[in-house]
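For reference, the chains in residue letters:
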Amino acid sequence: MNFNSHTDVVVRVAADLVNLLTPGEDRGRRYAPPEGDERTAAVGAVLRGGGGREATWEEAAGLCFVAAELREVFESVSSGAVDDAARQVNALLIRTGARPELERHDGEPWHLHFHAGGPRYDRLGVCTAPGCDRVYVDTSRNGTRRYCSTSCQNRVKTAAFRARLS
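Everything numeric here is computed off the predicted structure, so don't read it as measured data.

A. Structural context of the side chain of R71. Considering the arrangement of structural elements, one finds R71 in helix α3 (residues 57-78). The residues contacting R71, other than those within four sequence positions of it, are V18, N19, T22, D133, R134 and V135.

What follows is the structure in structure tokens.
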């Protein structure tokens, strides 16, 4: 399932930043976000993976606050509070001064980068595996993803199998 080529990257990077920069649990283990130079390098890696650039220390620190706000959006959508999620996104867009921009890349002429939201909010979620609160973007065809990773899915299936054997 694709949102569209530009949105796919933006949503994936947002989920990656939430998982990188917010504390919680990851696959049954306590997760603490990186700090200092390690955080800056990790944020840069996420941005480069999305076609971006290196991050400065200040940008990486600022993204910690954005990631915390975005986690609330994922949690709201995951719990069915879509109106709350929309209000949170609108507040974030206003606060950050998000606006469309003219861009030229990949040999294309100048064009406007702006994409309206669509009805794909149900593809955002928080991992349902016990001991994990990492977020995910469901890109499966049938929209049934409920875990942040194959690891968490396997943990849940193995536990269920063992429970049936008992």
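B. Local environment of the pattern of salt bridges. Summed over all chains, the structure comprises ten salt bridges. Across the pair R95 and E69 runs a salt bridge whose closest N-O atoms are separated by 2.3 Å. With R95 in helix α4 (residues 82-96) and E69 in helix α3, this residue pair connects regions lying 26 residues apart in the sequence. On the basis of relative accessible area, R95 is assigned to the partly exposed category, the value being 49%. Owing to a relative accessible area of 25%, E69 belongs among the partly exposed residues under this scheme. Each member of the salt-bridge network shares a partner with another, and the members are R71, E75, D133 and R134.

C. Layout of the side chain of S76. On the secondary structure map, S76 appears in helix α3. If sequence neighbours within four positions are ignored, S76 has contacts with A81, V82, D84, A85 and Q88.

D. Quick peek at unusual backbone geometry. For R27, which is not glycine, the phi dihedral falls at a positive 55 degrees. Tracing the sequence through the fold places R27 in the loop between β1 (24-26) and β2 (29-31). For R27, a relative accessible area of 38% translates into the label partly exposed.

E. Up close: the packing of helix α2 (residues 36-49) against α3. At their nearest, the axes of α2 and α3 sit 9 Å apart, and the two run at 85 degrees to each other. As judged from the angle between their axes, α2 and α3 are roughly perpendicular. In contact with G36, D37, R39, T40 and V43 of α2, α3 contributes W57, A60, A61, L63 and C64. When its residues are assigned to classes, the contact of α2 with α3 shows six nonpolar, two polar and two charged.

F. Representation of the environment of G28 in the model. One can find G28 in the loop between β1 and β2. G28 has contacts with G131 and R155, leaving out every residue within four places of it along the chain.

G. Seen up close, the packing of α3 against α4. Remark: α3 packs on α4, axes separated minimally by 7 Å, with the N-to-C direction vectors making an angle of 160 degrees. Compared by their axis directions, α3 and α4 come out roughly antiparallel. In this structure, the crossing between α3 and α4 has a hand that is left-handed. Here V66, E69, L70, E72, V73, S76 and V77 of α3 come into contact with α4, specifically with V82, D84, A85, Q88, V89, L92 and R95. When the residues that make up the contact of α3 with α4 are grouped by side-chain class, the tally is eight nonpolar, two polar and four charged.

H. View of the environment of E35. Along the polypeptide, E35 turns up in the loop between β2 and α2. Here the alpha-carbon distance between E35 and L21, two residues 14 residues apart in the chain, equals 9.0 Å.

Definitions and limits used
- Residues numbered from 1 in each chain as written.
- Predicted model: local features only at pLDDT ≥ 70, side-chain atom pairs only at ≥ 80, totals over all residues.
- Heavy atoms only, no water.
- Helix = DSSP H or I, 4+ residues; strand = E, 2+ residues; numbered from the N terminus.
- Contact = heavy atoms within 4.5 Å.
- Salt bridge = Lys/Arg side-chain N within 4 Å of Asp/Glu carboxyl O.
- Buried < 20%, exposed > 50% of the residue type's maximum accessible area, 1.4 Å probe, protein only.
- Axes fitted to C-alpha atoms, helices over the stretch in contact; angles between N-to-C directions.
- Parallel < 35°, antiparallel > 145°, perpendicular 65-115°, else oblique.
- Nonpolar A, V, L, I, M, F, W, Y, C, P; charged D, E, K, R; others polar.
- Left-handed = near helix turned anticlockwise from the far one by under 90°.

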